[in-house]
Amino acid sequence: MAERGAEPEVHPVRRRALRAVRHLFSPLLPDDYLELINPLWTTKELRGRVEKIEWQGSQAVTVSIMPGFNWPGHKPGQYIRLGVLINGRFHWRAYSLTSDPEPEDGLISLSPKVVESGTVSPYLVHRITPGTIVRLGEIEGVFTLPDPLPEKMLFISAGSGITPIISMLRSLDHRQEVNDVVIVHSAHKADEVMFGDVLKDLDDRYPGFRLHLRITEHDSLFTVDQLDDVCPDWREREAFCSGPGEMTDSFLDHFEENGLSDHIHYERFQPVIGGQGKGGAGGKVHLTHSKVTAECDGDTPILEVGEEAGVKMPYGCRIGVCHTCVGTLLSGQIRDLRSGEVGGSKGDTIRTCVNTAEGDIAIGL
Amino acid sequence: MNKNMQKKSPFAHLTEEQILELEKEFDRIHEEVYNDLGERDRRYIKSVISAQRQLAVAGRVLLLASLSRTSWIAGTACLGTAKILENMEIGHNVMHGQWDWMNDPDIHSSTWDWDTASTAHAWKHSHNYIHHTYTNILGVDKDLGYEIMRIDPKQTWHPRYLLQPLYNLALMALFEWGVAVHDMDIDAIRRREKPLSDVWEDLKGISGKARAQIIKDYVGWPLVSALAVGAAQTASQGRMVKPRSEPIRQLLPGSAKRRTLSRLIGAADAVLPVAKRAFVSTLAANATANLIRNVWTHAIIFCGHFPDQTYTFTQEETENESRGEWYLRQLVGAANIEGTPLFHVMSGNLGYQVEHHLYPDMPSTRYAEIAPKVKEICERYELPYNTGRFGHQWGTVHRTIFRLAFPGGKPRSKPGPYKRTEDEKPPARLSEASRYRARMPASSA
Ligand code: FES
């Protein structure tokens, strides 16, 4: 099944009115007709209209979106799945929300950076125009500001890893809570710094805000060894780390070695597929509904194994965030391609896009 | 290939290598189209869906005034057309998965339901799977005669077939119900091969669909019409529509003729009979729209496989069939109907039944585009390409139904290999065919 947006918060009176007349429209819903007048009016899923697009450094844009119904709000640092139509097809990707969680203009925003070989980010950065209707999925993510707020904070980011942090900083600003914040942000070139002006502005306005910008074209990469120099009191701080996997890993290890693993917050935003999991056993994948059995090498997601065997497998994001691809595990063990963890017991719903077979398995798909 | 098949089949002259070549050529057409799908195709299906919904709205609105003759006719026509579009170009094709590539949950085979009596689930099994896999194999493809008719001389005669012209007439009017019951696979139930729990599930599904149609077409909208007319009549103080004399007042005992009550009754007298008439005429309009849709779909569907030109197969003939042979069976087991673009939209592009059977999952709009390529293959490999005008196809179908009601009957003579005819517009077609040929590796044919 194709992926759908999140269910919007609709006024109960409206919901009830639509329910009352729905029999007159079966097998469609009144929504299917309302949508003809305005695509944002459907209550089947949350949609939004793109209002503006602003450059954010030389390689990224900020896309501001007005949601069709009440925006449920997000926690600073969370991400959302966005569905966009490119050449007739819907594509879904997850992006950090970069807007203030309580925006005054009601707009939410996300800030994709272009990956030239990709499909969605070049579209968002170069081609999308105001007025475009997009689908908005669930808000997810555990990389958020703690409550109550820690006294002292340290943010470490690189590249587009700044995006969840910007939402956190905006929220702190909104609440007038920028008391003692250190941020170390690295970008490759000076003109690629995302949200440079926002960071500058915070730096100007708050004496407790310290910004260390590193341009890796000239400066060396920011590593754990430099932590003591840049931020001597890092042990007293609550740290938030967002950037490429290797960077996050090295800081995680460092904090752990110092017995401070509770003090660092992070999110593996883009799962690494096929990366860590190398060397699994593999096995036969039996898809019970389709009555197909295929060989799996232990490195390929079950989703792809099924597709190669000619089965129409359900999927959405293909990176483990949307849960469209789930099937019930009927027997055998699976290995998570992101963590390498082996597990699974009968009756589990598993995501076929990020799991592979560890020995023979059967799935109700 | 089976020896038996080689003798009488229209592809007996093909060598195994040629069949393999053919398989590749057919695969390539599919691949070319799939690589090219995009915005243009999406725009097409979206506009058909939106046109269908607007027609449905127009029909329902016009029928609010179903007491006016003109409005009744226009409303019924709109609604009937909307229902035809909904079943044919939208429902049938969406549920084939033709639009799944868009990854749009609103237009997807896994979520779509249609305005007809069979459930999406049952239909996808009996049609997409059984009929499209085992096309025209006697005893396996249940669409051959729909288990109640003898439409191939190879089917053994039974006295019950004497009545098949009558069944056919009934089926025409009640086609959607016929399809729904057919989906249940009565044969399997009779042979006790189907678990009762499944039968129960089917019945629940069909009655759910029946309930939905009754509530919508035979209760809901007639009621809305009645209310609308009643309200207009009240607002205009009874001047909107001249009531025929059905004075409720007369039914009351004399004592009830006090002032307020009397006025109330006066009002009811003016409103109720008119509202009742509106209810009945809207109900009749909706029933007519359903009937129009049924007769039309019956005609198109029957022309797909039962005209004289099509071939049927026995189970032995199709044992161990290769993919290329599967394509060939689809090619000669189906028949096209010629017509205008509007005709093709209204028939769900099933006028391109041949192309549809070769590529059931391909977006229907592409059938017209690939037809020249399919014909070109037929010409080159000396294969039949079955097609004819609507009246002709329909005529031969019904001639068969009448003739085979009686014992005996011979297979009608089949068309020879496809040859381009004079009146087929050479410029567009020729260039298309030659462009296509230029892309193909030199063939041994
Ligand atoms: S396809 Fe999205 S979670 Fe698997």
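Throughout this document, residue positions are counted from 1 along each chain, in the order its sequence is written. By the order in which they are written, chains take letters starting at A while ligands take numbers starting at 1. Predicted model: local features are reported for residues with pLDDT of at least 70 only, side-chain atom pairs are reported and counted for 80 or more only, and whole-chain, interface and lining totals are derived from all residues. Hydrogens and waters are ignored; side-chain quantities use all the structure's heavy atoms.

Looking up chain B in an unreviewed UniProt entry gives the name Fatty acid desaturase, with the organism given as Hoyosella subflava.

Caption draft 1: How the structure looks around the packing of helix α4 (residues 162-174) of chain A against helix α5 (residues 196-205) of chain A. Residue and element names in this part refer to chain A. Inter-axis angles, ranging from 0 to 180 degrees, are taken between N-to-C directions of lines fitted to C-alpha atoms, where helices are fitted over the stretch in contact. Starting at the N terminus, helices and strands are each numbered in turn, a helix being any DSSP run of H or I of at least four residues and a strand any DSSP run of E of at least two. Remark: α4 packs on α5, axes separated minimally by 11 Å, with the N-to-C direction vectors making an angle of 35°. When you trace α4 past α5, the crossing you get is left-handed. Facing α4, whose interface residues are Ile 162, Ile 166, Leu 169, Arg 170 and Asp 173, α5 presents Val 198, Leu 199, Leu 202 and Arg 205. Partitioning the contact of α4 with α5 into residue classes produces 6 nonpolar, no polar and 3 charged. Crossings are assigned a handedness: left-handed for a near helix turned anticlockwise from the far helix by less than a right angle, right-handed for a clockwise turn. Contacts are assigned to residue pairs that have any heavy atoms within 4.5 Å of one another. We call Asp, Glu, Lys and Arg charged. Ala, Val, Leu, Ile, Met, Phe, Trp, Tyr, Cys and Pro are nonpolar, and the rest, Gly among them, are polar.

Caption draft 2: Structural view of the sheet that holds strand β1 (residues 47-55) of chain A. Residue and element names in this part refer to chain A. DSSP-based pairing: two strands are paired if at least 2 bridges between them are found. The 6 strands are arranged β4-β3-β6-β1-β2-β5 in an open sheet whose pairing can be described as antiparallel. The strands lining the two open edges of the sheet, one partner per strand, are β4 (89-96) and β5 (108-110). Shown here is a sheet whose adjacent strand axes are inclined to one another by a mean of 40°, direction ignored. As judged from the 4 bridges shared by strand β3 (residues 79-86) and strand β6 (residues 133-140), these two strands associate in the antiparallel manner. Along β6, the bridge assignment pairs Leu 82 with Leu 136.

Caption draft 3: Local environment of the pattern of salt bridges. Just to be clear on terms, a salt bridge is a Lys or Arg side-chain nitrogen sitting within 4 Å of an Asp or Glu carboxyl oxygen. According to the stated counting rule, one finds 45 salt bridges over all chains in the structure shown. A salt bridge links Arg 4 of chain A to Asp 106 of chain B; the nearest nitrogen and oxygen atoms lie 2.6 Å apart. In this pair, Arg 4 of chain A is assigned in the segment before α1 (12-21) and Asp 106 of chain B in the loop between α4 (69-95) and α5 (120-133), connecting two distinct chains. Take Asp 106 of chain B: its relative accessible area is 15%, and that puts it in the buried class. We note a salt bridge from Lys 44 of chain A to Asp 106 of chain B, for which the minimum N-O separation is 3.3 Å. One end of the pair, Lys 44 of chain A, is in the loop between α2 (30-37) and β1; the other, Asp 106 of chain B, is in the loop between α4 and α5, on a second chain. Salt bridges here are not isolated pairs; linked through shared partners, they connect Arg 4, Asp 32, Glu 35, Lys 44, Glu 45, Arg 47 and Arg 135 of chain A together with Arg 42, Asp 104 and Asp 106 of chain B. Buried means the residue's accessible area, taken with a 1.4 Å probe over protein chains only, is under 20% of the maximum for its type, while exposed means over 50%, and partly exposed covers the values in between.

Caption draft 4: Focus on the environment of Gly 306 of chain A. All names here are of chain A. Tracing the sequence through the fold places Gly 306 in helix α8 (residues 302-308). Along the sequence, Gly 306 and Tyr 206 sit 100 residues apart, while their C-alpha atoms lie 55 Å from each other. Contacts of Gly 306, omitting those with residues within four sequence positions, involve Leu 287, Val 311 and Met 313.

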